[in-house]
Amino acid sequence: MQINNEFKPKIVAFCCNWCSYAGADLAGTNRLNYPADVKIIRVPCSCRVNPMFILRAFQRGADGVIICGCHPGDCHYTSGNYYARRRITLLFSMLDYLGIERERTRLEWVSAAEGAKFSATMNEFAETIIKLGENKRLEDLRCKAE
Amino acid sequence: MQRIGVFVCHCGTNIAGTVDVKAVAEALKNEQGVVFSTEYQYMCSEAGQSIIKNAIKEHKLTGVVVCSCSPRMHEATFRKTASSAGLNPYMVEIANIREQCSWIHKDMEKATEKAIILGRAAIAKVHLNAPLTAGESPVVKRALVIGGGIAGIQTALDIADAGFEVDIVEKKPTIGGKMTQLDKTFPTLDCAACILTPKMVDCAQNEKIKIYSYSEVESVSGFVGNFSVKIRKKARYVDETKCTGCGLCTEKCPMKKVPNEFNLGMNNRSAIYIPFAQAVPKIATIDPDHCNMLKNGKCGVCAKICTAGAINYKQEDEIVEEKYGAIIAATGYNPINLDKYDEFAYSQSKDVITSLEFERLTNAAGPTSGKLLRPSDGVHPHTIVFVQCVGSRCGAEDSKGGKSYCSKICCMYTAKHAMLTREKYPDTDVYVFYIDVRTPGKNFDEFYRRAAEEYGVHYIKGMVGKVMPQADGKLLVQGSDLIAGEQLKINADLVVLAAAIEPDKSARPLATMLTASMDTNDFFTEAHPKLRPVESPTAGIFLSGACQGPKDIPETVSQASAAAAKAIGLLCKDKLTCNPCVAHSDEMMCNGCSQCEKVCPYGAISYEDKEFRMPNRTTAIRRVAKVNPAVCQGCGACTVTCPSGAMDLNGFSNRQIMAEVDAICR
Amino acid sequence: MQGRMIEMAKKLLGDGTVNRVIGWKKGEFAYDITPAVFENAEEIDADFVYDDFCGHNLSKYLIKESKKDGKMLVFLKPCDTYSFNQLIKEHRINRENVYIVGIPCEGKASAETIKEKGISGITGISSDGDNFKVNTIYGDETVAKSDVLEERCTVCKSKKHVVYDELIGEDGEVNENSSRFDMVAKLENMTADERYAFWRNELSKCIRCNACRNVCPACSCENCVFDNPNSGVSNKAAVTSFEENMFHIIRAFHVAGRCTDCGECSRVCPQNIPLHLLNRKFIKDINELYGDYQAGEESEGRTPLTTYTKEDCEPSIVNERGCK
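Residues numbered from 1 in each chain as written. Chains lettered and ligands numbered in written order. Predicted model: local features only at pLDDT ≥ 70, side-chain atom pairs only at ≥ 80, totals over all residues. Heavy atoms only, no water.

Some thoughts on the overall build of chain B
On a plain count of helices and strands, chain B comes out with 18 helices and 34 strands. By the compact-globule yardstick of 26 Å for 666 residues, chain B is too spread out, its C-alpha radius of gyration being 33 Å. A principal-axis box enclosing the C-alpha atoms of chain B has dimensions of 100 × 70 × 45 Å. Buried positions account for 57% of the 666 residues belonging to chain B. (Helix = DSSP H or I, 4+ residues; strand = E, 2+ residues; numbered from the N terminus. Rg over C-alpha atoms; globule rule 2.2 N^0.38 Å. Buried < 20%, exposed > 50% of the residue type's maximum accessible area, 1.4 Å probe, protein only.)

Structure follows, in structure tokens:
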């Protein structure tokens, strides 16, 4: 996947439909740039993000996974992001425990009004991932053979 | 195998300016299952939609991917397009290549590459889409209001006015609630009874309204549009259909030493009683805890005297079951118990009273017939100290049962009490100790300033540290004046505590029955704190009055009407269309472990014991989860909680999301 | 103890309180104990055993057994009762069909550990309280019981029965000072590279035999997500390193907040992978982040992952307080 020796990270962003996905749309409307390496998957709520999706992304060669949801207290479904927060905290801690670079995963609360925050967050995250380099620890080698 | 059509939109130059749309359409043509791929200037236009419709028919498409603007913009449009061409609307997926691609990238090559990947992800997802049909459920055109205070009354009247039947369940023998106990109301000083009792009578006379007084909700099942509620009509030992409310029994009843709850125990009533003169319904009730006939079979005076023959000592609780389309919680509030507030000597001295007790002392129908007299000796008090924020605005972990929130109404009613006292008894010195005086509301600040400036009420910023009953019957009030920076000692005749208010104790069990959520203070939570303030997150449950948070009368009434409007909006519909993107459980996989039920914010998940065929012609009964699609809102919390993956979400299934992940990481 | 248990089992079978008994019986070797169901006194007299090798947690068997007709007598050690309660909480066991007799436990020995001490060719083991006399084809050896306990028993969390119908012997206490998190803490203090090396080494041994899954009382799904074709992750044999990672992380995640730390997963792992260290990490995190919680202590209520508080910490806490 390395073209001209330039590392192009694969970054998967899970965004909740009501806040963060709308925030990403707003970033677009305001033409706030962030790297094309970030690809967004729309989910109804951050509580829909199954740890299996995150691991799957890493398995298939993602270099970073970021989850975005409504700010605590603002969940469209009232409590989804609170459950998500516990699950994701524990999962991140476990990945850290297994020796996976903790910077590869991130959770950020982005409201529908925070286009600027969305773009800034993605820029920052992509930069971090580029510094970390390719994901070696959680990849599935079969998926990399092309 | 799906037959997928891909439609790439230029959006003028919005997309085509940075994304090579032709290259995208060309690249996606090679994806598995894609039988048709094209681009067009404006897909959302009439002409663009025709392209989609024609392609669906011509190429027998089973799935459509539109690479265009955000699905939040035109997903609904393209679903309709598909639908009009005979394709299930949920077979359409959108790849967002405008807001999340062309608008944020400047490099044509990178943007095009990303657009192709986003298109692939949408194609991967649509491969796993299944046609979904929005279900429908009928609406029972009848509402239930739980609580018959001013909030419940207003909601019921408004719903009835719109032509729907509505029942009120009130646990007390009469409707009217707290407002019946109040004297005057701020900031206009009109009498509470004068404005409330006509509304109570309206309720009684309205053909659409049925009042279940002295009744409580026993259980609730069902869901929005279709609740089934059991109501317990407590035995009042008086036949409602016969009692005329003449009141003769209450006069002749020999047991007259029962503390009168309507006057907060400041005088007594008889064992058979009508709470107050304007009670609705005006029917006597026997208090079984004090009636000698019910306790030991010795008496029977009321039965003898009742000309209507309404007394029935053998009456038992009755359970009524009714169906409702909407339920409105209007369970109201109570002042907190002040027994632990020893520093204010509330339980030590009769002359330390709560503001609600003060209301009764100044009310013409109260124990003193409206004359302001000290409870201990019946003497007119000359110095009165009002203490604000008793139990309000405390720390989160208050040992005395104090609340962290502001009770909101105390500043205003204390100003009212102070003003009325000064007006009626100009010889009385009135002190008000406050932390802050909060007066947001129409004509509220003017009202408070009148009390402080025109009526000469002494407002002192600071808290009272101690109230000490003295031997001469006076109360020594020690407090600090924070502005003057000095300690004050006041010899008072009466101390009035503005007790914090809290939700009624019945609210918590009710919330459990309704599967409506509550905050840590036991106030009902709203579906959205700003945008949906009168709805519970649980569909079909609405919130009226102080059960949602502290409120004064005008605010309660406006919220009550708002809740009514929302309920009417629901009852107007003949059928509810359900969102088909809801959770569903694979019963072959389900363990019945109840974890999903616990995280469901809507109470949409229930369990049933189901018989399964097992090997060797045996059967087994297993507990499995069942999602009510009319109630589920599709958040997906349950899907992640489910360890076996039995719970999945239509439109955002595990496999669909993983297919998207795979396509992006390919 | 065994005598009193047999007596009780026969009595309860005799008076019709129960129609079956689940306990343990000897296998091919002295240390090779297996759970067994007994239906009459003869079977009990012939095979019933309770000794230092009866480590198996019988709770999980009750998922199936309690659905059958009639009441079943089960002998539960203190830590097994936690699993039982957790299963009651999840509506997996029909409580009315179970008669629980709580039995004391002073720690169970591990035949694996004895073998690791270089003792092989074991033909018989007898106990004299603190020591085992091990007969081998090479002669007799003596080992101290305390040296060959199961890991979980060396850090026993509780000798208290949280649920029972009847007790044999005295009930014990919860051990507040268990050092069960020491190894997790040790790992947390390693560098990320060391931790990665540690887990890579351990998890790469996994042969996906599913023994951990089969024995785990929390892993009691009718069908595992890894066998569910609709889950998108179903797979069988582990082909590359990733799949053991995925399997064990997800397994630990699915039992997080429900795992009572009974340690059966590590006991049965034929590759001796310290799987309990994954579960304990979650338990330790839950205790530290959301307040002390012991799964199985209660038979109803919510688990830490099916509840929340508005003040919960953010995932960024992993960066602040996580491993080194």
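Back to the text.
Focus on the overall build of chain C
Helix and strand counts for chain C come out as 13 helices and eight strands. Projecting the C-alpha coordinates of chain C onto the three principal axes gives extents of approximately 60 × 50 × 40 Å. Long-range pairs, those at least 24 residues apart, make up 68% of the contacts in chain C between residues at least 6 apart in sequence. In chain C, the 42 positive side-chain charges and the 53 negative ones have mean positions that sit 3 Å from each other. (Contact = heavy atoms within 4.5 Å. Lys, Arg positive; Asp, Glu negative; His and termini not counted. Charge placed at Lys NZ, Arg CZ, Asp CG, Glu CD.)

Description of helix α15 (residues 553-571) of chain B
Side chains of residues three or four places apart in an α-helix project in the same direction, reflecting 3.6 residues per turn. Residue and element names in this part refer to chain B. The terminal C-alpha atoms of α15, which comprises 19 residues, lie 26 Å apart, in line with the 27 Å expected from a rise of 1.5 Å per residue. As for α15, its buried residues are in contact with β6 (142-146), α6 (150-161), β18 (326-329), β29 (541-543) and β30 (575-577). The N-cap of α15, judged by a side-chain oxygen 3.0 Å from the amide nitrogen of E555 a few residues on, is D552. (Expected span 1.5 Å × (residues − 1). Polar contact = N/O pair within 3.5 Å; in protein donor to acceptor, adjacent residues only side chain to side chain.)

Points about the pairing of strand β25 (residues 475-481) of chain B
Residue and element names in this part refer to chain B. Within β25, six of the seven residues are buried, which leaves it mostly tucked inside the rest of the structure. As paired strands, strand β24 (residues 464-469) and β25 are joined by five bridges and run antiparallel to one another. The residue bridging M468 from the neighbouring strand is L476, located in β25. Remark: five residues form the turn of the hairpin made by β24 and β25, two consecutive strands paired antiparallel; G473 in that turn has positive phi of roughly 90°. Bridge count for β25 against strand β26 (residues 486-492) is seven bridges, and the pairing is antiparallel. (Pairing = 2+ DSSP bridges.)

Details of the sheet that holds strand β23 (residues 458-461) of chain B
Residue and element names in this part refer to chain B. One open sheet holds the five strands; their spatial order is β20-β27-β21-β22-β23, and the pairing between them is parallel. Edge positions in the sheet fall to β20 (352-354) and β23, since each has one partner strand and no second. Adjacent strand axes in the sheet meet at a mean angle of 25°, parallel and antiparallel pairs treated alike. Of the strand pairs in this sheet, strand β22 (residues 429-434) and β23 are connected by four bridges, and their pairing is parallel. In the strand pairing of β23, F433 is matched with I460. Docked against the sheet, helix α11 (residues 355-362) engages β20, β21 (383-390) and β27 (494-499), running at close to 95° with respect to β20. (Axes fitted to C-alpha atoms, helices over the stretch in contact; angles between N-to-C directions.)

What about the side chain of R98 of chain B?
Residue and element names in this part refer to chain B. Checked against the element boundaries, R98 lands in helix α4 (residues 98-102). Taking relative accessible area as the criterion, R98 reaches 10% and is therefore assigned buried. Every residue in contact with R98, bar those within four places of it in the chain, is listed here: C11, N14, I15, S68, C69, M73 and W103.

Examining the nonpolar core
F14 and I54 of chain A, I159, I605 and M647 of chain B together with W199 of chain C are the most contacted members of the largest nonpolar core, which totals 144 residues. Per-element tally for this core: the top contributor is helix α3 (residues 80-97) of chain A, with nine residues. Those residues in contact with I54 of chain A that lie beyond four places of it in its chain are F14, V49, V65, I67, I88 and L91 of chain A. By size, the runner-up hydrophobic cluster in this structure holds 51 residues, among which are M5, A9, A36 and V134 of chain C. (Core = buried A, V, L, I, M, F, W, Y, C linked by side-chain atoms within 4.5 Å.)

Let's talk about the pattern of salt bridges
Per the stated rule, a full pass over the model turns up 71 salt bridges over all chains. A salt bridge links R102 of chain A to D96 of chain A; the nearest nitrogen and oxygen atoms lie 3.2 Å apart. We note a salt bridge from K416 of chain B to E359 of chain B, for which the minimum N-O separation is 2.6 Å. With a gap of 57 residues between them, K416 of chain B in helix α12 (residues 410-424) and E359 of chain B in helix α11 connect regions that are remote in the sequence. Note on accessibility: K416 of chain B and E359 of chain B belong to one class, buried. Shared partners join several salt bridges into a network, and the residues in it are D351, R374, D377, K474 and D493 of chain B. (Salt bridge = Lys/Arg side-chain N within 4 Å of Asp/Glu carboxyl O.)

Considerations on the interface of chain A and chain B
On the chain B side, the residues contacting the 46 residues of chain A number 46 residues. Across the chain A to chain B interface the summed buried area is about 4,000 Å²; carbon plus sulfur atoms make up 58%. Together, K39, R42 and R48 of chain A form the three largest contributors to the area buried by chain A at its contact with chain B, with a combined 17%. Summed over the shared surface of chain A and chain B, the result is five salt bridges. Across the contact surface, chain A and chain B share 18 residue pairs in polar contact (both at pLDDT 80 or more). Mapped onto the side of chain A that touches chain B, the elements with two or more residues apiece are β1 (11-16), α1 (20-29), β2 (38-43), α2 (51-59) and α3 of chain A. Among the elements that line the side of chain A that touches chain B, the one with the most residues is α1 of chain A, at seven residues. By residue class, the composition of the side of chain A that touches chain B is 26 nonpolar, eight polar and 12 charged. (Buried area = accessible area lost by both parts, 1.4 Å probe. Nonpolar A, V, L, I, M, F, W, Y, C, P; charged D, E, K, R; others polar.)

Focus on the interface of chain B and chain C
Residue-level contacts link 22 residues of chain B with 24 residues of chain C. Here chain B meets chain C over a buried area of about 1,900 Å², counting both sides, of which 54% is carbon and sulfur. For chain B, the biggest contributors to the area lost against chain C are N591, K598 and P643 of chain B; these three give 30% of the whole. The interface formed by chain B and chain C includes one salt bridge. The salt bridge partner of E222 of chain C is R622 of chain B, with a shortest N-O separation of 3.7 Å. One can count nine residue pairs in polar contact (both at pLDDT 80 or more) joining chain B with chain C. Residue assignment for the side of chain B that touches chain C shows that the elements contributing at least two residues are α16 (595-599), β33 (618-627) and α18 (654-665) of chain B.

What to know about the sheet that holds strand β4 (residues 92-96) of chain B
Residues and elements named next belong to chain B. With respect to topology, four strands assemble into an open sheet ordered β2-β1-β3-β4, the strand pairing being parallel. Edge positions in the open sheet fall to β2 (34-40) and β4, since each of these has one partner strand only. Pairwise comparison of adjacent strand axes, ignoring direction, gives a mean angle of 15° for this sheet. Pairing analysis gives five bridges linking strand β3 (residues 63-68) to β4, with the strands arranged parallel. Along β4, the bridge assignment pairs C67 with A95. Sitting on the sheet, helix α1 (residues 21-29) is in contact with β1 (4-9), β2 and β3, with an inclination near 175° to β2.

Observations concerning the domain arrangement of chain B
Size of an interface: often given as the accessible area lost when the parts come together. Residues and elements named next belong to chain B. The domains assigned to chain B are domain 1 (4-128), domain 2 (142-234 + 317-332 + 504-571), domain 3 (248-305), domain 4 (335-502) and domain 5 (583-650). Look at where the C-alpha atoms of domain 2 and domain 3 centre, and you get two points 28 Å apart. Counting from both sides, the interface comprises 12 residues of domain 2 and, opposite them, 13 residues of domain 3. Interface of domain 2 and domain 3: buried area, both sides summed, is about 950 Å²; carbon and sulfur atoms make up 70% of it. (Domains from an automatic or database assignment.)

Section: the packing of α1 of chain A against helix α4 (residues 115-132) of chain A
Residues and elements named next belong to chain A. Relative orientation of the contacting elements α1 and α4 amounts to 90°, with a least axis distance of 7 Å. By the criterion of interaxial angle, the relationship of α1 to α4 is roughly perpendicular. Contact residues: S20, G23, A24, L26 and A27 in α1; G115, F118 and S119 in α4. (Parallel < 35°, antiparallel > 145°, perpendicular 65-115°, else oblique.)

A few points about a negative patch on the surface
All names here are of chain C. A contiguous patch of negative charge, built from E170, D171, E173, E176, D292, E297, E298 and E300, is present on the exposed surface. Relative to the helices and strands, E297 is located in the loop between α12 (276-290) and α13 (317-321). Residue classification places E297 among the partly exposed residues on the basis of a relative accessible area of 40%. (Patch = residues over 30% accessible without salt bridge, like charges linked within 9 Å, V, L, I, M, F, W, Y side chains within 5 Å. Areas by Shrake-Rupley, 256 points an atom, 1.4 Å probe, with all protein chains shown as cover.)

Focus on the domain arrangement of chain C
Annotation of chain C at the domain level lists domain 1 (1-109 + 158-177), domain 2 (111-148) and domain 3 (180-324). For domain 2 of chain C and domain 3 of chain C, the distance between their C-alpha centroids amounts to 32 Å.

Details of α12 of chain B
Residue and element names in this part refer to chain B. The end-to-end C-alpha distance of α12 is 21 Å, a good match for the 21 Å that 15 residues give at a rise of 1.5 Å each. A large share of α12 lies buried, amounting to 12 of its 15 residues. Within the sequence span of α12, burial applies to C410, C411, M412, Y413, T414, A415, K416, H417, A418, M419, L420 and T421.

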